[in-house]
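Tertiary structure, described
Here are the chains, one letter per residue:
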Amino acid sequence: MPLTHPNTQSSILQELHSNFLQEHGVQLYVKRDDLIHPIISGNKWRKLKYNILNLKEQKKEGILTFGGAFSNHLVATAAACQLNEVPAIGIVRGDELNASSNDTLKLCAELGMQLIFVSREEYALRNMREYHEELIVEHPNYMVVPEGGANYMGMIGCQEIAKELDQAVDLVVVAQGTSTTSCGVLIGLNEHQKLAVVPALKGYDSRSEMKQLLGRTGIDSEYIEEMLKNKTLVWDDYHFGGYAKVDDELVAFIQDFYRDYHLKLDPVYTAKAMYALFDKIKKGEVENQKVAFIHTGGLQGAKSYEDKLGVEFYTTTSNG
Ligand SMILES: *Cc1c(COP(=O)(O)O)cnc(C)c1O
């Protein structure tokens, strides 16, 4: 399959218009990271970019990373590695799976990623140094990239999202998985800008996760505390029951949003974050502001939700 290169130039800032937004004095812009690449989903390219540059500088053999059965990160890594002629190994959660279990895994294999299926017990070790050392013995000179691309290089890549925004934006809204994207955006904000994060996981402690990741930047810990206290809003009541859970209300929101703004949202991350923003606007908690919503992509992995959204919602008609 011939792949095109990711193009961050295509991540335009698109303004959305409606009576609803106007009534609340909200100027809403969408940062179209979903347009960077059809397969290397938005923020996943931001996170991989410096990892791959680093790999080449260090003359590493390839990338070894981790993901679940439907992981956008695994597909993105497989595609980015093929483009850069870098071997890729994906450690996949679930030893009952194989390379043809679903479209995500099929695509990873097609893109040349070597898939290794491990038990849930083994997968639970994915962040342990000792486990990485064992993997490196088996795959010498590979660079280990954590699940979701959640490392320092990933964060630095996401900092560029904030730098590309209109500096007059007051509030930036982003969905949160590992918090790599949100941490990168946070450190890229200017002094008057604020960040609202919408975790996709139930019970996720956004501030403590962000504190841990930001701690690896070498930024002074007092300054980190201050950024998390004064510049970060946590909207953690919009997980819709938990990670990847979808109900009728969310499905209706995705469909209405597409009808009103001609923009597709994925059910796992961006739809929940956009729902949160619209709810906050409705409640008057966000008003008279310039808001930038980061469309982190994820449409590629959303195909498995098409039976709920109507036939070929994600596969046909282009986004925007
Ligand atoms: C992976 C992903 C996220 C989560 O990003 P983190 O950096 O892990 O917080 C958000 N949106 C989409 C569409 C994703 O695929």
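The model shown is predicted, which means the values in this text are computed figures rather than measured ones. (Residues numbered from 1 in each chain as written. Predicted model: local features only at pLDDT ≥ 70, side-chain atom pairs only at ≥ 80, totals over all residues. Heavy atoms only, no water.)

1. What to know about the sheet that holds strand S6 (residues 142-145)
In spatial order, the strands read S5-S4-S3-S6; together these 4 strands make up an open sheet with parallel pairing. In this open sheet, the two strands that pair with only one neighbour each are strand S5 (114-118) and S6. The mean angle between the axes of side-by-side strands here comes to 25 degrees, regardless of whether they run parallel or antiparallel. Here 5 bridges tie strand S4 (residues 88-93) to S5, and the two strands are oriented parallel to one another. Paired with Gly90 across the strands is Leu115, a residue of S5. Its contacts with the sheet put helix H6 (residues 129-138) on strand S3 (62-67), S4, S5 and S6, and the angle it makes with S3 is roughly 135 degrees. (Pairing = 2+ DSSP bridges. Helix = DSSP H or I, 4+ residues; strand = E, 2+ residues; numbered from the N terminus. Axes fitted to C-alpha atoms, helices over the stretch in contact; angles between N-to-C directions. Contact = heavy atoms within 4.5 Å.)

2. Details of H6
Buried residues of H6: Tyr131, His132 and Leu135, and no others. Burial along H6 is one-sided: seen end-on, the buried residues are contained in an arc of 100 degrees. Seen from the open side of H6, the exposed residues pointing more than 90 degrees away from its buried face are Arg129 and Val137. (Buried < 20%, exposed > 50% of the residue type's maximum accessible area, 1.4 Å probe, protein only. Arc of directions from axis to C-beta.)

3. Examining the packing of aromatic side chains
All told, the structure shown has 14 aromatic pairs when counted by the stated rule. Both rings, one in Phe240 and one in Tyr275, keep their centres 5.0 Å apart while their planes meet at 85 degrees; by these two values the pair is edge-to-face. Pair noted here: Phe240 is in the loop between strand S9 (232-234) and helix H11 (248-261) and Tyr275 is in helix H12 (residues 270-282), with a separation of 35 residues, a long-range link. Both residues of the pair, Phe240 and Tyr275, belong to the buried class. Measuring from centroid to centroid gives 6.0 Å for Phe253 and Phe278, while their planes differ by 75 degrees, and the two rings are edge-to-face. Pair noted here: Phe253 is in helix H11 and Phe278 is in helix H12, with a separation of 25 residues, a long-range link. Like Phe253, the residue Phe278 is buried in the burial classification. A connected cluster of aromatic rings, assembled from ring pairs, spans Phe20, Tyr238, Phe240, Phe253, Phe257, Tyr261, Tyr275 and Phe278. Above the face of the Tyr269 ring, Lys44 is positioned so that its terminal group lies 5.7 Å from the ring centre. In this structure, Lys264 is placed above the aromatic ring of Phe313, and the distance from its NZ or CZ to the ring centre is 5.3 Å. (Phe/Tyr/Trp six-rings, centres within 6.5 Å; stacked < 30°, edge-to-face > 60°. Lys NZ or Arg CZ within 6 Å of the ring centre and 35° of its normal.)

4. A short note on the sheet that holds strand S7 (residues 171-176)
The 6 strands lie next to each other as S1-S2-S10-S7-S8-S9, forming an open sheet whose pairing is mixed. The open sheet has two edge strands with one neighbour each: strand S1 (13-16) and S9. Across this sheet, the average inter-strand angle for adjacent strands is 25 degrees, counted without regard to direction. Sheet analysis places strand S2 (residues 27-31) next to strand S10 (residues 290-294), joined by 5 bridges and oriented parallel. Each residue of the ladder has a partner; that of Leu28, found in S10, is Val291. This element, helix H9 (residues 206-214), spans S7, strand S8 (194-199) and S9 of the sheet and lies at about 140 degrees to S9.

The values are spatial; any link to function lies outside them.
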